[in-house]
Structures are given as C-alpha cells and as structure tokens.
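Okay, here's what each chain looks like letter by letter:
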Amino acid sequence: MLNIQNLERRWLKYKIKFYAPYILGLIALLTLLIAVTYSKKSDTDEAKESIASPSKSTHEASSTVLEPSMDFVRSFQTTLPMNETPKAPLQKNAQPVREPLPVAKLVSTPPPDLSDEKSFSLNRTESKLDIETLERRFKETSNANLGLFIARYHYDHGNYSEAYNFALKTNSISNKIEESWIIFAKSLVKLGRAEQAKKTLQFYITDSNSEAARSLLDTIERGTFK
Amino acid sequence: MEHSLFSKPRDLFLDVVNPKDYVQIDSIAHIYQSLKSSVQKPLKMILLFGRPGTGKSMLLHKLHHDLSKHQKVFMFDIPIVDEDDFLRVLAERIFAYSPRETMTLTRFLEIAEAVSYTDVPIVLLDEAQLYSSSLMEKIRLISDARVIKFVITLHKTDKEEIIAKEHFQTRIWESIELHNATAEELKIYIQKKLLKANCFDVANMFNDKNIKLVASLTKGNFRETNKLLFSLFSLYCWYEENNPALIQYNALKSKWIEMAAIHTGLIHA
Ligand SMILES: Nc1ncnc2c1ncn2[C@@H]1O[C@H](COP(=O)(O)OP(=O)(O)OP(=O)(O)O)[C@@H](O)[C@H]1O
Ligand SMILES: [Mg+2]
C-alpha cells in the first residue's frame, strides 16, 4: 500500500522545492556581493568602460558603474535611496525572498472539490452525476455507510461490477456490515462467479453467523437465486 | 506486522464514526451540552453545520447513542434522497407502518397523528446537503406539525454556505456550527485517543513540535488528522518491519510526518 521509496523521493523533491527560494536568494545575495566588490575594486575595468568619456576621474567612474547594480537591488523590491551604500541593500534583500514562503508552500490542502454538490442537492434526479459526486465523497471520507449506499445504488441499477467494487471497498473499511457482504456476493453471482460468491458467503458466515448470508447461500446453492 | 507497536495506533486513526470512540474536548463538550438541551425544546429544528471532517457525524452518533437509552430516537446516516422513500421509511421505522400506497405528506401526517407518541420522537439526519430543497421543505412541515423533532447535519463549503443561509438561517432553525480544532485541542484529541487505547509509548512520542506540524498540515481538521496519522503509523509499521534502526522512540520524525502528508495529499509533491 505504501511505496516508501517513492515517498522518500517525493519528500526530497518537496524539500528541495521548499528550500529553493532560500537557496536562490542566497545565490542572488552572493552574486550581488561579488558584483559589488568587483565593481569597487577593479579600477582597470571601470577605466575601460568609461572610454567614451576619458576625462572622467576614477571616482566618477565608480559611481556610474554602481547604478546598474542598484537597479538590480531595486528589482528585489527594496525601497532604498539611490545613493545608499551597497552594503545595506545586501542585508535587506534577503527578507523579501524569505517572506512569502512558509505557509504558502507547506499547507496546500486540496480545495473543497464539492462544486457539484450544490447541483446535487438542488437537482436530485437519479442522474449519473449524482452518484459520481457521492463516489467522490466516498473516496474522500471512506465512510462505509456511504460505500454501502453506492454499492446498493449500483446493484439496483444493474451495474454489478461497480456494485462489486464498492461492496469490496466497504468491506475493507468495515467488515461488519452484513448488507455489504450480501451485495458483494449477489454481484458475484450476477457476474457469473457463483463459486466465488459461495466461498465468500461461507467465510463470512463462519465469521459472523449471519442469518441473511446463510439464506442467500441457500438460494444460490439451490439455484433459485435470481 | 500484527504485534507491531504501531499497528494499534494506526487503526485508531481509521476514519470511521463510532460513538464509543468519541473524544471529549472542551469546545466540543460545550457544543454537545447545548445540543442535548436544544433537543429537549419543542418545535425548533436543530442544524449542525461545519466544514467536512469537523465532527458533525460523530456528534450526531454520540447524541443517538446517549439519547436512545431514554427516548425514541432514530438515526438516518445514509441519506434517503428519494422523497417517497423518505416518508415511507420514516413511517415504517418510527410508526411501524408499512403501507402499499405511495406515501404523501398528508398521509404521513395522518399516520403520525394516529400513533401519537407522548414524547415527540427525534430523528437524526446526517449529510443533509444531499437532500433536495423540496424534501427539506417537507421535513420542515413535519417538524412544524410537532410530529417529529429533527436534528440534521449539513456540511458547508463556500458555495454551500449560500444554500445554508437560504434554507436554514430562519428562526425555525437553531444552528450550531462546528469548527476545526486549535493546535492545543488537536493535541488533546490525539493524546486522548492514544491513551484511551493504552498506547502510552506512542502517545509519549508526540512532542509539541510534532503536534504543531500536524496541526499546520491538517489545519486542525479531525478527518485530515486521522488520515495523516493513519498513514504516518502505516509508515512506522513499514520501517519497524524493514528498517527498525531508523525509528527513534522519543519523538516522531518530521520527515515521516511530511512523507505521510505527501501520501495523503496534504502536501503536493
Ligand atoms: N469528538 C470526537 N472524538 C473522536 N473522534 C472524532 C471526534 N470528532 C470527529 N472525530 C473523528 O474525525 C473524523 C471526522 O469526523 P466526522 O465524520 O464526524 O466529520 P463530519 O463533520 O461529519 O464530516 P462530513 O461533513 O464530511 O460528513 C471521524 O473519523 C471521526 O471519528
Ligand atoms: Mg459526516
């Protein structure tokens, strides 16, 4: 039932996804740091870039080179004044990356997918949609009574393989529901598997002493079941 | 696998409703008390509503269990969505009347009059969001005639809230809303469940950090919590059998809680 390897893998993926923004933030931070120290220290590069205006002093040149890096900082949505030292934005830009994280990623419960239920309660004709809604609810709730309800519905509508399926699921949730065992066995007969039905009933009778199961077994054995 | 330390706690968290497993939490006990006293008041219908998995069915079953010792109370946990069937089954179960003819509302009320119990029988209807509005109207008329006292549960989603308002927020309804548990309540819920079943060692494995993680994943929803813990303990069963060295017995592993959450779909990964 549990595929541990697969779960481990998905967990790792989830963790990576969860920490990715932090890591990206860190990388951005480092890049910025390098860019800033680079622009400050390598005077030769700055000289090359200011070829267009060779008369400019090295001091002026360094301030022109600083501007693009400030734009980069602004793209992180910090509201820093233009002429602040590059050190301050470095610390600040870590926060906006961190902020939206924890809740949004972690607690993403599936949305209540009950959009159809409204139409179900308003329009309760025995359409296909209604039982599908119920089946979805059953999947969600694992309510044995609902499983039985669905199994009975399908049996009554002649969908014996579906009836068999839901009775089986219901029995696995609760093996104490007599009617579910009965529907299970009756569906088996309808599906042409009388032998299996008999075996199931015999098994269930030893377990429960069910009168109803015994009489059903009787009719199947006498061939009077219809 | 069966004498595993974790198979019993795992099965405790199967998502089933049995009044014997009812766990008392202050806020729920409070609601339950007011529910019990409302039931004894005439005329008003009682509506228990709240999001899926907040414990409405549990409360209804508990009420049924407790009331049935003293009075006539009938539980309908599988909705009978067909209107004729509904009245017929009601007449059959409550008034022991099984007619051949189709059951109209008038006929039903006649039968009820004829039988006339001294105490008004109580009917508990679970999953009322599955009933049509015209059937709900009939239920209201039966209640108005003081023939039956109804307690119904309805699970609301954002969309259904509108219907809930239209149908039920009138003065004939006494509505009681159930909510998800707080982290503190959830802790009590989990511990009480484990302790009741003598799973002391496992109960001790839950520390506050574990509880916080569980509560934040499930938002305090009982059903989600059950599903999460069921798969968590299934995981523990697996490790116990296949790699016991990995199990720490002093605390639950956050990683495994998250893996269980991935398995149940609380975390998308
Ligand atoms: N007070 C309680 N004590 C013990 N278990 C509880 C309690 N309340 C809820 N539970 C458990 O939580 C799960 C969900 O509760 P329940 O089925 O009553 O929810 P619900 O509100 O009826 O949901 P839905 O709207 O889907 O029908 C069940 O497995 C139930 O056993
Ligand atoms: Mg319910």
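As the structure is a computational prediction, the values presented were derived from the model and not from experiment. Counting restarts for each chain, with residues numbered from 1 along the sequence as it is written. Numbering of ligands from 1 and lettering of chains from A proceed in the order in which they are written. Local features are withheld for residues below a pLDDT of 70 in this predicted model, meaning they are given only at 70 or higher, and side-chain atom pairs are given and counted only at 80 or more; totals for whole chains, interfaces and linings count all residues. Side-chain measures here rest on the full set of heavy atoms in the structure, leaving out hydrogens and waters.

Student: Before we go on, may I ask you to explain the overall build of chain B in this structure?
Tutor: What chain B contains, in helices and strands, is twelve helices and five strands. Classification of residues uses two cut-offs on accessible area relative to the type maximum, computed with a 1.4 Å probe and protein chains only: under 20% is buried, over 50% is exposed, and between them is partly exposed. Looking at the 269 residues of chain B, the share that counts as buried comes to 54%. Here, two residues are considered to be in contact whenever any of their heavy atoms come within 4.5 Å of each other. A fraction of 76% describes how many contacts in chain B between residues 6 or more apart in sequence connect residues 24 or more apart. Working definition: helices are DSSP H or I runs of at least four residues, strands are E runs of at least two. Numbering for both runs from the N terminus.

Student: Mind showing me how you'd approach the nonpolar core here?
Tutor: Within soluble globular proteins, side chains that are nonpolar generally end up buried alongside one another. Residues grouped as a nonpolar core are buried Ala, Val, Leu, Ile, Met, Phe, Trp, Tyr and Cys residues, joined through side-chain atoms within 4.5 Å. Formed by 65 residues in total, the largest nonpolar core has its most connected members in Leu 35, Leu 59, Val 151, Ile 190, Phe 206 and Tyr 236 of chain B. Counting residues per element, this core draws most heavily on helix 11 (residues 222-242) of chain B, which supplies nine residues. Sequence-distant contacts of Tyr 236 of chain B, defined by excluding residues within four places in its chain, comprise Phe 6, Met 205, Ile 247, Ala 251, Leu 252, Lys 253 and Trp 256 of chain B. With 34 residues, the next largest nonpolar core counts Phe 138, Trp 181 and Ile 183 of chain A together with Val 81 of chain B among its residues.

Student: Please clarify how helix 2 (residues 26-40) of chain B should be interpreted in this entry.
Tutor: Since the α-helix turns once every 3.6 residues, residues separated by three or four places project in the same direction. All names here are of chain B. One less than the number of residues in a helix, times 1.5 Å, gives the span that helix is expected to have. Look at helix 2: 22 Å from first C-alpha to last across 15 residues, which is about the 21 Å you get at 1.5 Å a residue. Among the residues of helix 2, Ile 28, Ala 29, Ile 31, Tyr 32, Leu 35, Ser 38 and Val 39 are the ones counted as buried. Buried residues in helix 2 make contact with strand 1 (45-50), helix 3 (56-67), strand 3 (122-125), strand 4 (149-155), strand 5 (173-178) and helix 11.

Student: How should I be thinking about the side chain of His 61 of chain B in this particular structure?
Tutor: All names here are of chain B. Inspection of the secondary structure puts His 61 in helix 3. Overall, the relative accessible area of 13% leaves His 61 in the buried class. In contact with His 61, not counting residues within four places along its chain, are Val 17, Pro 19, Met 75, Asp 77 and Asp 126.

Student: Sorry, what's going on with the environment of Glu 258 of chain B here?
Tutor: Tracing the chain through its elements places Glu 258 of chain B in helix 12 (residues 254-264). Between the C-alpha atom of Glu 258 of chain B and that of Leu 217 of chain B, which follows or precedes it by 41 residues, the distance is 8.6 Å. Ignoring anything within four residues of it in the chain, the contact list for Glu 258 of chain B reads Trp 11, Tyr 14 and Lys 15 of chain A together with Leu 213 and Ile 267 of chain B.

Student: When you look at the site of ligand 1 in this model, what are you seeing that I'm missing?
Tutor: What surrounds ligand 1 is a group of 22 residues, the closest being Asp 15, Val 16, Val 23, Lys 56 and Ser 57 of chain B. Ligand 1 is flanked by residues contributed from chains A and B. By the criterion applied in these results, polar contacts are pairs of N or O atoms within 3.5 Å in which, for protein atoms, one can donate a hydrogen and the other can accept it, and in which residues neighboring in sequence qualify only through two side-chain atoms. At a separation of 2.8 Å, an oxygen atom of ligand 1 approaches a polar backbone atom of Met 58 of chain B. What sets the accessible areas is the Shrake-Rupley method with a 1.4 Å probe; for residues, cover comes only from the shown protein chains. In isolation ligand 1 has 630 Å² of accessible area, and contact with the protein removes 98% of it. Broken down by secondary-structure element, the contributors of at least two residues to the shell around ligand 1 are helix 3 and helix 11 of chain B. In the scheme used here, Gly and all other residues not listed as nonpolar or charged are polar, with Ala, Val, Leu, Ile, Met, Phe, Trp, Tyr, Cys and Pro taken as nonpolar and Asp, Glu, Lys and Arg as charged. When its residues are assigned to classes, the shell around ligand 1 shows nine nonpolar, six polar and seven charged. Consider each residue's heavy atoms; a residue with any of them within 4 Å of a molecule or strand counts as near.

Student: I keep staring at a nonpolar patch on the surface and nothing clicks. Help me out?
Tutor: All names here are of chain A. Residues with no salt bridge and a relative accessible area higher than 30% make up the patches, which join like charges within 9 Å and nonpolar side chains (Val, Leu, Ile, Met, Phe, Trp, Tyr) within 5 Å. For salt bridges, the criterion is a side-chain nitrogen of Lys or Arg within 4 Å of an Asp or Glu carboxyl oxygen. On the surface, a cluster of nonpolar side chains totalling about 520 Å² of accessible area is made up of Leu 26, Leu 30, Leu 33, Ile 34 and Tyr 38. Mapped onto the elements, Ile 34 comes out in helix 1 (residues 4-41). Relative accessible area serves as the criterion here: at 56%, Ile 34 is assigned to the exposed category.

Student: How do you make sense of the packing of aromatic side chains when you look at a structure like this?
Tutor: The relation between two aromatic rings is expressed through the spacing of the ring centres and the mutual angle of the planes. Under the pairing criterion, centres of Phe, Tyr and Trp rings, with the six-membered ring standing for Trp, must be within 6.5 Å; the plane angle then separates stacked pairs below 30 degrees from edge-to-face pairs above 60, leaving the rest tilted. Inspection of every chain in the model, using the stated rule, returns 24 aromatic pairs over all chains. Between Tyr 164 of chain A and Phe 184 of chain A, the aromatic rings sit 5.1 Å apart at their centres with planes inclined by 20°, giving stacked as the arrangement. Taken together, the positions of Tyr 164 of chain A in helix 10 (residues 160-173) and Phe 184 of chain A in helix 11 (residues 178-190) put the pair 20 residues apart, joining distant regions of the chain. One exposure class covers both Tyr 164 of chain A and Phe 184 of chain A, and it is buried. An angle of 50° between the planes, with centres 6.1 Å apart, marks the rings of Trp 181 of chain A and Phe 203 of chain A as tilted. Here Phe 203 of chain A lies in helix 12 (residues 194-208) and Trp 181 of chain A lies in helix 11, a separation of 22 residues in the sequence. Among the aromatic side chains, those forming a connected cluster through ring pairs are Phe 6, Phe 13, Phe 206, Phe 233, Tyr 236, Trp 238, Tyr 239, Tyr 249 and Trp 256 of chain B. Against the face of Phe 13 of chain B rests Lys 193 of chain B, its NZ or CZ located 5.7 Å from the ring centre. Criterion for a charge above a ring: Arg CZ or Lys NZ at most 6 Å from the ring centre, at most 35 degrees from the ring normal.

Student: Sorry if this is basic, but what is going on with the pairing of strand 3 of chain B here?
Tutor: For a regular strand, the rule is simple: side chains alternate between the two faces of the sheet. All names here are of chain B. Along strand 3, one buried face is formed by Ile 122 and Leu 124 and the opposite face, lined by Val 123 and Leu 125, is buried too. For two strands to be treated as a pair, DSSP must find at least two bridges joining them. Judged from the four bridges that link them, strand 2 (residues 73-76) and strand 3 form a sheet pairing that is parallel. In the sheet register, Met 75 faces strand 3, and the bridge partner there is Leu 124. In terms of strand pairing, strand 3 meets strand 4 through four bridges, oriented parallel.

Student: For this particular structure, what's the right way to read helix 11 of chain A?
Tutor: Residues and elements named next belong to chain A. Compared with an ideal rise of 1.5 Å per residue, which puts 13 residues at 18 Å, helix 11 spans 18 Å between its outermost C-alpha atoms and is within 8% of the ideal. Regarding helix 11, the residues found buried are Ser 180, Trp 181, Ile 182, Ile 183, Phe 184, Ala 185, Ser 187, Leu 188 and Val 189. Residues of helix 11 that are buried sit in contact with helix 9 (144-156), helix 10, helix 12 and helix 13 (211-222). Two residues or fewer past helix 11, Gly 192 is found with a positive phi of approximately 80°.

Student: Is there a simple way to explain the confidence of the model for chain B in this structure?
Tutor: It should be kept in mind that the predicted coordinates are not to be read in detail where pLDDT is low. All names here are of chain B. With 93% of its residues at a pLDDT of 70 or more, chain B has an overall mean of 89. Confidence scores differ between elements of chain B, with helix 7 (residues 158-168) showing the lowest mean pLDDT of 58 and helix 12 the highest of 97. Scoring the predicted complex yields pTM 0.63 and, for the interface, ipTM 0.82. The predictor rates its confidence in each residue with pLDDT, a number between 0 and 100.

Student: What's the story with the pattern of salt bridges in this structure? I'm lost.
Tutor: Close approach of charged atoms allows side chains of opposite charge to pair. Across all of its chains, the model carries 16 salt bridges over all chains by this definition. Between Lys 198 of chain A and Glu 195 of chain A there is a salt bridge, with the nearest N and O atoms lying 3.1 Å from each other. Remark: Glu 195 of chain A and Lys 198 of chain A occur in helix 12; sequence separation between them is three residues, near one turn of the helix. The class for Glu 195 of chain A is exposed, based on a relative accessible area of 53%. The salt bridge partner of Asp 208 of chain B is Lys 187 of chain B, with a shortest N-O separation of 2.8 Å. Remark: Lys 187 of chain B occurs in helix 8 (residues 183-196) and Asp 208 of chain B occurs in helix 10 (residues 208-218); sequence separation between them is 21 residues. Take Asp 208 of chain B: its relative accessible area is 48%, and that puts it in the partly exposed class. Ionic contacts of the salt-bridge type, sharing partners, join the residues Glu 137, Arg 140 and Asp 144 of chain B into one network.

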